[in-house]
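# Examination of the molecular architecture
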Amino acid sequence: MENTKWVVEASSTVELLGRRFAGRDGGGPQLCNMVCSQLGRHAHIDFCRTNPSHICQGPDWEHSEEIVYPQPDRKKDWISHALYWARTGFKDPYSREEQTEFSKCDARCAGPEHRETGAQSSYCTLPLFHPPHPQNWSVSSGMGHVSADGHSFECADPALSRPAYHVIFVLDRSGSMAYRDRTPLFGTPVTSKIINHHNNRYGAVLSSLFQFWTSRAAGITGSSSRRDSYSIILFNLDVQVVLENDFNSDPNTLLSYLLGSTAHGGTSFDKALTATRALMESHWSSDRSPVVIFLSDGECGVSDEVVDDLARRAIALGKPLSLYTISFGTESYSTSLRSMARIADEIGQNAPRDALTRPVTSTYCNAINTIQLAETFLDIAESLRNPRASLIRS
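What you see is a predicted model; the values in this text were computed from it and never measured.

With that settled, the discussion passes to the overall build of the protein chain. Assigned secondary structure in the protein chain consists of 10 helices and 16 strands. Contacts in the protein chain between residues at least 24 apart in sequence constitute 70% of all its contacts with a sequence separation of at least 6. Looking at the protein chain as shown, the accessible area adds up to about 19100 Å², and 48% of this sits on carbon and sulfur atoms.

In structure tokens form, the structure reads like this:
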């Protein structure tokens, strides 16, 4: 295909017949009647034909916001295989079966069973440029599912085969959490609400937790409810159990439980961990692994024995504990939080093999928004898609 250049999304590459091509590589070595077959489900790229004053959208094309060569100053559209050949004026050389396949969405299910060597991919059943499919969709067989980003698949929902958790959030509300060196994240739907109540370290904790809860909620597909249970403990020198083994509260409701609390008083990590152990025991389920997310500025000592007891009790009940200690203070006060994570991790790694349902880790981090906890141990069911690639005349 002389006088053509490759366009590949996101500065990626495409491999055809053992050769790898990047954007702006020449398309000369490719035979016109071979490219589409090698790409499988795919889109072509063309210069945008929509009046700039109009919205560019349609069933057979999708506007691209990327700056694409050649002629980077001209807008481009990803278009369907059928529209591409209609625009050329030539007869589509591919079989009816191939044309049908090319017309469908190129998103794939992200389930691990499809990634094994020799496994067959499960593709979205909808047209190439479809709007997000409703999340409340279901099929009579009960096998299909809709991904979090709106693609429809005929295979089982991979989220249902992943582990479920009892996540216990343990929040420090002592006096030092009223310091204003850490404040809520800006630009979120609840920023102003949290700032009005807690423009301080405690507010930073609530802001980050809301982001976590929202990310987790985005991974719930179809009509399914949250498989993970949530519990919340607040502590200073005393302990308050705010929520126990909850499956239904949405992020806004969870936040509302915490906005009325104030940061004041002293701190006792030992009392907080003792209460965590009691709550874990009272709601133990063999179907859910225990996860503790401990959020504090670290300005307190801790007894190694209390951490040891919590981690070993989880193993005795049947599953090792994951303990994430998150600091919202200064590094100089991180010793206790680091020690807690280290002890729990050593015990978890040395747990009897028959007690391990999957590898677990415990770790310390400075500020929850610097890591993606939702991606660390709670999977979000989105689809996969290779970067789109096409040839365009130069």
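Now that the structure is up, let's keep going.
With that out of the way, let us pick up the sheet that holds strand 11 (residues 229–235). On the basis of which strands lie adjacent, the open sheet formed by six strands has the order 12-11-10-13-14-15 and mixed pairing. Lying at the two open borders of the sheet, with one neighbouring strand each, are strand 12 (239–246) and strand 15 (363–366). Taken over all neighbouring pairs, the strand axes of this sheet differ in orientation by 15° on average, direction set aside. Pairing between strand 13 (residues 288–296) and strand 14 (residues 322–327): six bridges, direction parallel. If you follow Val291 over to strand 14, its bridge partner there is Ser322. Where helix 6 (residues 251–259) meets the sheet, it contacts strand 10 (164–172), strand 11 and strand 12, and its direction lies at approximately 165° from that of strand 12. Where helix 7 (residues 269–282) meets the sheet, it contacts strand 10, strand 11, strand 12 and strand 13, and its direction lies at approximately 155° from that of strand 10.

Once that is clear, we can look at helix 7. Taking 1.5 Å of rise per residue, 14 residues should cover 20 Å, and helix 7 covers 20 Å from first to last C-alpha, within 8% of that figure. Buried within helix 7 are the following residues: Phe269, Ala272, Leu273, Ala275, Thr276, Leu279 and Met280. Seen from one end, helix 7 has its buried residues packed into an arc of 160°, which puts them on one side. On its buried face, helix 7 sits against strand 10, strand 11, strand 12, strand 13, helix 8 (304–317) and helix 9 (335–349).

With respect to the element layout, Asp106 can be found in the loop between helix 3 (96–102) and strand 8 (145–146). Once residues lying within four places of it in the same chain are set aside, the contact partners of Asp106 are Arg41, Tyr123, Leu128, Leu384, Arg385 and Arg388.

The buried fraction of strand 1 (residues 4–8) amounts to four of the five residues, a majority that puts the element mostly inside the structure. As defined by bridge partners, strand 1 adjoins strand 16 (residues 389–393) across five bridges and the pair is classed as antiparallel. Across the sheet, Val7 pairs through a bridge with Ser390, a residue of strand 16.

Another aspect to go through is unusual backbone geometry. For the bond from Tyr69 to Pro70, the omega torsion is 0°, close enough to zero to count as cis. Among the structural elements, Pro70 can be located in the loop between strand 6 (61–64) and strand 7 (76–79). Even without a glycine there, the phi angle at Arg24 is positive, about 80°. Tracing the backbone through its elements, the reader meets Arg24 in the loop between strand 3 (19–22) and helix 1 (32–39). In the Ramachandran plot, Gln71 falls in the positive-phi region, its phi being about 50° despite a non-glycine side chain. Note that Gln71 resides in the loop between strand 6 and strand 7.

Below, the discussion takes up the environment of Ala148. Along the chain, Ala148 falls in the loop between strand 8 and strand 9 (152–153). When the C-alpha atoms of Ala148 and Ala217 are compared, they prove to be 9.5 Å apart, with 69 residues separating the residues in sequence.

So, about the sheet that holds strand 5 (residues 57–58). Spatial ordering of the open sheet is given by 4-7-6-5, a layout of four strands whose pairing is antiparallel. Two strands lie at the open edges of the sheet, namely strand 4 (44–47) and strand 5, each paired on one side alone. Sheet analysis places strand 4 next to strand 7, joined by four bridges and oriented antiparallel. The residue bridging Phe47 from the neighbouring strand is Lys76, located in strand 7.

This part is about the nonpolar core. Grouped together as the largest cluster of nonpolar side chains are 31 residues, with contacts concentrated most on Phe169, Leu171, Trp213 and Ile293. When contributions to this core are tallied by element, the ones reaching two or more residues are strand 10, helix 5 (201–218), strand 11, helix 6, strand 13 and strand 14. With near-sequence residues (within four places) excluded, Leu171 lies in contact with Tyr202, Val205, Leu206, Leu209, Ile232, Ile233, Leu234, Phe235, Leu258 and Leu295. Ranked by size, the runner-up nonpolar core spans 30 residues in total, among them Val170, Leu279, Met340 and Ala351.

Inspection of the entire model under this criterion finds nine aromatic pairs. Each ring, one from Phe169 and one from Phe212, has its centre 5.7 Å from the other, and the planes form 75°; the classification is edge-to-face. Of this pair, Phe169 sits in strand 10 while Phe212 sits in helix 5, placing them 43 residues apart in sequence. Each member of the pair Phe169 and Phe212 is classed as buried. Seen in terms of ring centroids, Phe169 and Trp213 are 5.7 Å apart; in terms of plane orientation they differ by 90°. Their pairing is edge-to-face. Of this pair, Phe169 sits in strand 10 while Trp213 is found in helix 5, placing the two residues 44 residues apart along the sequence.

Our focus in this paragraph is the packing of helix 7 against helix 8. For the pair helix 7 and helix 8, the least separation of the axes is 9 Å and the interaxial angle reads 10°. Here helix 7 is positioned roughly parallel relative to helix 8, judged by the angle of their axes. The segment helix 7 lies against helix 8, with Asp270, Leu273, Thr274, Thr276, Arg277, Met280 and Glu281 engaging Val306, Val307, Asp309, Leu310, Arg313, Ala314 and Leu317. Tallied by class, residues from the contact of helix 7 with helix 8 come to seven nonpolar, two polar and five charged.

Conventions and cut-offs
Numbering of residues starts from 1 in each chain and follows the order in which that chain's sequence is written. Where local features are concerned, this predicted model is filtered to residues with pLDDT of at least 70; where side-chain atom pairs are given and counted, the filter is 80 or more; whole-chain, interface and lining totals use all residues. Heavy atoms from the whole structure form the basis of all side-chain values; hydrogens and water molecules are not counted. We count a stretch as a helix when DSSP gives it H or I for four or more residues in a row; a strand needs E for two or more, and each element gets its number in order from the N terminus. It only takes one pair of heavy atoms within 4.5 Å for two residues to be counted as in contact. Note on areas: Shrake-Rupley, 1.4 Å probe, and residue coverage restricted to the protein chains presented here. Strands were regarded as paired on the criterion that DSSP finds at least two bridges between them. Axes here refer to lines fitted to C-alpha atoms; in helices the fit is confined to the stretch in contact. Angles between the N-to-C directions go from 0 to 180 degrees. Multiply 1.5 Å by the residue count of a helix minus one, and that product is the helix's expected span. Under the scheme applied here, a residue whose accessible area is under 20% of the maximum for its type counts as buried, over 50% as exposed, and between as partly exposed, the area being computed with a 1.4 Å probe on protein chains only. Note that the arc is defined by the directions from the helix axis to the C-beta atoms. In these notes, a set of buried Ala, Val, Leu, Ile, Met, Phe, Trp, Tyr and Cys residues joined through side-chain atoms within 4.5 Å is what counts as a nonpolar core. Classification of ring pairs rests on two measures: the distance between centres of Phe, Tyr or Trp rings, Trp counted by its six-membered ring, which must be within 6.5 Å, and the angle between planes, read as stacked under 30 degrees, edge-to-face over 60 and tilted in between. Orientation labels follow simple angle bins: below 35 degrees gives roughly parallel, above 145 gives roughly antiparallel, 65 to 115 gives roughly perpendicular, and whatever is left gives oblique. Polarity classes work like this: nonpolar for Ala, Val, Leu, Ile, Met, Phe, Trp, Tyr, Cys and Pro, charged for Asp, Glu, Lys and Arg, and polar for all others, with Gly in that last group.

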